[in-house]
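Tertiary structure, described
Chain by chain, the residues run as shown.
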Amino acid sequence: MGGKLVFGVAVGVAVAACAVAAVVVGRRVERRSKWKRVLRILEELEAACDTPVKRLRQVVDAMAVEMHAGLASEVWGHFRCSYWVVLLFCSFSLFRSEKGTFYALDLGGTNFRVLRVHLGGQRSLSLKHDVEMQPIPQNLMTGTREDLFDFIASSLKEFVEKANDPDQLAARRRELGFTFSFPVKQTSASSGALIKWTKGFSIEDMIGRDAAESLQQAIDRIGLDMRVSVLINDTVGTLAVGHYQDPDTVAAVIIGTGTNACYLERTDAIIKCQGIFTTFGRMAINMEWGNFWSSHLPRTTYDVDLDADSPNPNEQGFEKMISDMYLGDIVRRVILKISQESDVFGPASTLLSMPFKLRTPLMAAMHEDSSPELTEVARILEDILEITDIPLKVQKLVVKICDIVTRRAARLAAAGIVGILKKIGRDGTSGIAGGRSRTNIKLKRTVVAIEGGLYTSYTMFREYLHEALVEILGEEIALHVILKPTEDGSGIGAALLAASYSSYDTVSVDNSL
């Protein structure tokens with residue numbers, strides 16, 4: 001009887017052990033299955049974001065084709081809006097030996113900046129300047145045209161009066177460059193009608209009105225002796241600073257919260273305006289390339305969903321793949337997808353479903369976390385998304401997602417830059433889209449001015465962009481292309497152009513390249 005009892009206990013223990021083992025094995029199998037699903041999502045993302053050099057060259061060619069089309073008609077192909085080709089009546093060959101103190105006003109968002117730039121008569125790599133930033137009250141962003149510009153003009157007057165301006169003693173009217181970074185139909189160097197507001201502004205009585213004239217009227221109303229002598233956007237300001245400091249600068253790119261580019265084009269290449277411009281050898285072309293689109297762009301389901309959820313669906317397709325405003329949110333969407341497919345991120349976080357909860361600077365901090373335990377990744381996931389206590393391998397997964405999204409963005413930005421170089425014949429080819437053969441002409445030193453925190457502050461983004469530039473152009477050609485960071489270009493550039501267009505400083509125009 002005792003033996004049977006012992007045997008029965010042993011059998012029971014064995015059955016229980018087997019049951020426990022089965023549960024353990026089952027959980028391991030389930031975890032492996034969930035991890036496989038996670039890896040599958042990662043592999044699909046990597047494949048969808050892939051940017052081999054062949055694809056990048058297709059983007060280059062598509063960009064160049066659209067640029068050709070834009071100079072020939074009022075509609076810029078797939079850029080979808082007539083104002084994506086904006087002729088800016090600025091010739092940087094005007095720069096000579098400007099002297100004096102010049103002002104700029106930079107309006108491009110919920111803040112505006114006023115600047116004072118001192119020029120000593122010689123080109124300089126370091127420009128002495130003063131700057132003040134002023135927030136715009138919310139009510140003025142949706143009020144009337146006069147209220148907005150009266151407020152700006154009053155702030156400008158206070159800034160001017162606080163300074164010891166030597167030009168005040170001379171019989172000179174102060175010159176002001178106006179950076180107005182909204183879609184504008186430009187009609188001269190100092191005039192342009194607003195097409196539509198963006199960035200939270202909604203002032204109905206301003207639509208169709210001249211931005212420079214509206215500012216000038218406000219300046220006159222408060223009795224400030226100042227002339228708005230030039231109207232530009234922020235990209236052209238960056239180009240102006242770049243060209244002033246280095247005459248080999250042919251283009252400018254801003255890669256920050258948003259993205260845009262402009263370049264110097266020969267006036268005889270602007271087919272739709274032939275015969276109109278005889279005084280300028282080259283003109284600045286504001287591309288508004290954020291709205292560029294091509295079937296060769298590697299778009300994912302996350303991009304499609306982001307676009308559909310945005311305030312401007314079917315617009316700014318290129319910008320939504322490469323700029324600071326959107327990269328962090330793409331990463332958030334991938335993490336959300338993984339959390340819906342598995343529990344590797346623990347209990348579902350409601351914050352993970354909030355659009356733009358993960359900002360790009362935080363994404364960059366996770367991407368560039370070099371600590372062995374990825375402490376910065378863990379901190380950001382916990383502080384921002386309330387995701388806690390995840391294993392190191394899952395944190396490494398997050399870093400990999402950041403890497404995939406950033407690498408695609410940087411490489412596409414590089415392709416856009418080469419697209420500009422191809423259009424103006426500075427990429428080592430004939431300049432005609434579709435051809436890859438080298439020309440026999442001597443390669444010129446080519447400088448592209450770049451501004452924006454995504455490029456200047458995000459090391460991995462910058463390195464991926466440079467890597468792609470070499471891949472597309474080849475090492476020999478890439479040696480002649482210099483990407484040069486600028487700072488405060490949008491405002492300083494406006495002041496420089498105000499100086500070059502000043503009524504009391506007459507200069508001749510150089511029509512040569």
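Residues numbered from 1 in each chain as written. Predicted model: local features only at pLDDT ≥ 70, side-chain atom pairs only at ≥ 80, totals over all residues. Heavy atoms only, no water.

- Within an unreviewed UniProt entry, the label attached to the protein reads Phosphotransferase, and the organism entered is Cucurbita maxima.
- Recorded in UniProt for the protein, the comment headed Subcellular location (unreviewed entry) runs: "Mitochondrion outer membrane".
- Heading Sequence similarities (unreviewed entry) of the UniProt record for the protein holds this comment: "Belongs to the hexokinase family." (UniProt positions renumbered as here; feature names shortened; annotations may be inferred.)

**Some words on the overall build of the protein**
- Tallying secondary structure elements over the protein gives 16 helices and 13 strands in all.
- Taking all contacts inside the protein whose residues are at least 6 apart in sequence as the whole, residues at least 24 apart take part in 72%.
- Accessible area for the protein stands at about 22,400 Å²; split by element, carbon and sulfur atoms hold 53% of it. (Helix = DSSP H or I, 4+ residues; strand = E, 2+ residues; numbered from the N terminus. Contact = heavy atoms within 4.5 Å. Areas by Shrake-Rupley, 256 points an atom, 1.4 Å probe, with all protein chains shown as cover.)

**A few points about the packing of aromatic side chains**
- With the rule as written, the count across this model stands at 13 aromatic pairs.
- Seen from their ring centres, Trp289 and Phe318 are 5.4 Å apart, and the 85° between their planes marks the pair as edge-to-face. With Trp289 in the loop between strand S11 (282-286) and helix H7 (301-309) and Phe318 in the loop between H7 and helix H8 (319-322), this pair connects stretches of sequence that are 29 residues apart.
- Looking at Trp289, the relative accessible area reads 0%, which means it is buried.
- For Arg116, the ring lying beneath its charged end belongs to Phe159, and the centroid distance is 4.2 Å.
- The ring of Trp35 carries the charged tip of Lys393 above its face, separated from the ring centre by 4.2 Å. (Phe/Tyr/Trp six-rings, centres within 6.5 Å; stacked < 30°, edge-to-face > 60°. Buried < 20%, exposed > 50% of the residue type's maximum accessible area, 1.4 Å probe, protein only. Lys NZ or Arg CZ within 6 Å of the ring centre and 35° of its normal.)

**Topic: H7**
- Residues of H7 that are buried: Tyr302, Asp303, Leu306 and Asp307. All buried residues of H7 lie within an arc of 135° about the axis, which places them on one face of the element. Opposite the buried face of H7, at more than 90 degrees from it, the exposed residues are Thr301, Ala308 and Asp309.
- You can read the cap of H7 off the contacts: a side-chain oxygen lies 3.2 Å from the backbone nitrogen of Tyr302, and it is on Thr300. (Arc of directions from axis to C-beta. Polar contact = N/O pair within 3.5 Å; in protein donor to acceptor, adjacent residues only side chain to side chain.)

**Focus on the nonpolar core**
- Counting residues in hydrophobic clusters, the biggest one holds 89 residues, and the most contacted among them are Trp289, Ile338, Phe345, Ile401, Phe461 and Leu465.
- Sort the elements by how many residues they give to this core and helix H12 (residues 392-423) lands first, with 18 residues.
- Excluding residues that lie within four positions of it along the chain, Phe461 makes contacts with Ile255, Ile322, Thr406, Ala409, Ala410, Ala413, Leu454 and Tyr455.
- If you look at the next biggest cluster of nonpolar residues, it comprises 34 residues, including Val184, Ile203, Ala212 and Met226. (Core = buried A, V, L, I, M, F, W, Y, C linked by side-chain atoms within 4.5 Å.)

**Side note on the layout of surface pockets**
- Looking at the largest pocket, its volume works out to about 1,400 Å³.
- Forming the walls of the largest pocket are 41 residues, and the residues nearest its centre are Gly108, Lys199, Asp234, Thr257 and Gly258.
- Every element with two or more residues in the lining of the largest pocket is listed here: strand S2 (99-107), strand S3 (111-120), strand S10 (259-266), helix H9 (324-341) and helix H13 (453-456).
- Among the residues making up the lining of the largest pocket, the classes are represented as 11 nonpolar, 20 polar and 10 charged. (1 Å grid on protein atoms, 1.4 Å probe; cavity = no way out; pocket = protein on both sides within 12 Å on 5 of 7 lines; lining within 4 Å. Points joined across faces, edges and corners; volume = space filled by probe spheres on them. Nonpolar A, V, L, I, M, F, W, Y, C, P; charged D, E, K, R; others polar.)

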